[in-house]
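Here is what each chain is made of, one letter per residue.
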Amino acid sequence: QVQLVESGGGLVQAGGSLRLSCVASGRIRSIDAMGWYRQAPGKQRELVAAITSSGSTNYADPVKGRFTVSRDNAKNTVYLQMNSLKPEDTAVYYCNAEITNTWYAYATYWGRGTQVTVSS
């Protein structure tokens, strides 16, 4: 079994900051790309940021310059530092990871999500 567990969401005023964390645990052999997606009410889930195992990053245009994705491979953890938050960043944020388990099966895993609410 493999699990992803997010933490760090909450309520913050516009202009504030939050840091999300996501820890992967279980029968993990290796982790390739890790990332963050978000889904606002009535909207489709969208990519926020992603990072490869070697550290290459990719960001959605609305968050470029404000959000930073990073990872600690030794801890199987990915982070999302969110600065200059805007009300339109309000959404449930989901962690995502491409994982090979100890039986060499490769799959994409998702966390259950953490709520981020930005008040104006």
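Here is what the cut-offs are and how they apply
- Residues numbered from 1 in each chain as written.
- Predicted model: local features only at pLDDT ≥ 70, side-chain atom pairs only at ≥ 80, totals over all residues.
- Heavy atoms only, no water.
- Salt bridge = Lys/Arg side-chain N within 4 Å of Asp/Glu carboxyl O.
- Helix = DSSP H or I, 4+ residues; strand = E, 2+ residues; numbered from the N terminus.
- Buried < 20%, exposed > 50% of the residue type's maximum accessible area, 1.4 Å probe, protein only.
- Contact = heavy atoms within 4.5 Å.
- Pairing = 2+ DSSP bridges.
- Axes fitted to C-alpha atoms, helices over the stretch in contact; angles between N-to-C directions.
- Polar contact = N/O pair within 3.5 Å; in protein donor to acceptor, adjacent residues only side chain to side chain.
- Phe/Tyr/Trp six-rings, centres within 6.5 Å; stacked < 30°, edge-to-face > 60°.
- Lys NZ or Arg CZ within 6 Å of the ring centre and 35° of its normal.

A. Fine view of the pattern of salt bridges. A complete count under the given rule lists four salt bridges for this structure. Note that Asp 89 is salt-bridged to Arg 38, the shortest N-O span being 2.9 Å. Here Asp 89 is found in the loop between strand 8 (77-82) and strand 9 (91-101), whereas its partner Arg 38 is found in strand 4 (residues 28-39), with 51 residues between them in sequence. Neither residue differs from the other here; Asp 89 and Arg 38 are each classed as buried.

B. Highlighting the environment of Ile 99. Positionally, Ile 99 belongs in strand 9. Overall, Ile 99 belongs to the buried group, its relative accessible area being 0%. Each C-alpha atom, one on Ile 99 and one on Val 2, is 8.5 Å from the other, the two residues being 97 residues apart in sequence. Excluding residues that lie within four positions of it along the chain, Ile 99 makes contacts with Val 2, Leu 4, Ala 24, Ile 28, Ser 30, Ile 31, Ala 105, Tyr 106, Ala 107 and Tyr 109.

C. Spatial organisation of the sheet that holds strand 3 (residues 18-26). Overall, antiparallel pairing links the four strands, which are arranged 1-3-8-7 in an open sheet. Strands with a single pairing partner mark the edges of an open sheet, and in this sheet they are strand 1 (2-7) and strand 7 (67-72). Pairs of neighbouring strands in the sheet enclose a mean axial angle of 15°, with direction left out of account. Inspection of the sheet shows strand 1 paired to strand 3 by six bridges, in the antiparallel sense. For Ser 7, the partnering residue across the bridge sits in strand 3 and is Ser 21.

D. Examining the side chain of Arg 38 more closely. Here Arg 38 falls in the buried class, since its relative accessible area comes to 6%. Side-chain polar atoms of Arg 38 contact the side chain of Glu 46, separated by 2.8 Å. In this structure the side chain of Arg 38 is engaged in a polar contact, spanning 2.9 Å, whose partner is the side chain of Tyr 93.

E. Seen up close, the packing of aromatic side chains. Throughout the structure, instances matching the rule amount to one aromatic pair. On the numbers, 4.9 Å between centres and 65° between planes, the contact of Tyr 37 with Trp 110 is edge-to-face. A residue pair is termed long-range when its members are at least 10 positions apart, and Tyr 37 in strand 4 and Trp 110 in strand 10 (residues 106-110) qualify at 73 residues. For Tyr 37, a relative accessible area of 24% corresponds to the partly exposed category. Positioned above the aromatic ring of Tyr 79, the side-chain terminus of Arg 19 is 4.1 Å from the ring centre. It is Arg 45 that lies over the ring of Trp 110; its NZ or CZ is 4.7 Å from the centre.

F. Focus on unusual backbone geometry. Not every positive phi belongs to a glycine, and Asn 76 is a case in point at roughly 50°. Overall, the relative accessible area of 26% leaves Asn 76 in the partly exposed class. A positive phi angle is found at Tyr 104, which is not glycine, with a value near 65°. With respect to the secondary-structure elements, Tyr 104 resides in the loop between strand 9 and strand 10. Note on Tyr 104: relative accessible area 59%, which makes it exposed.

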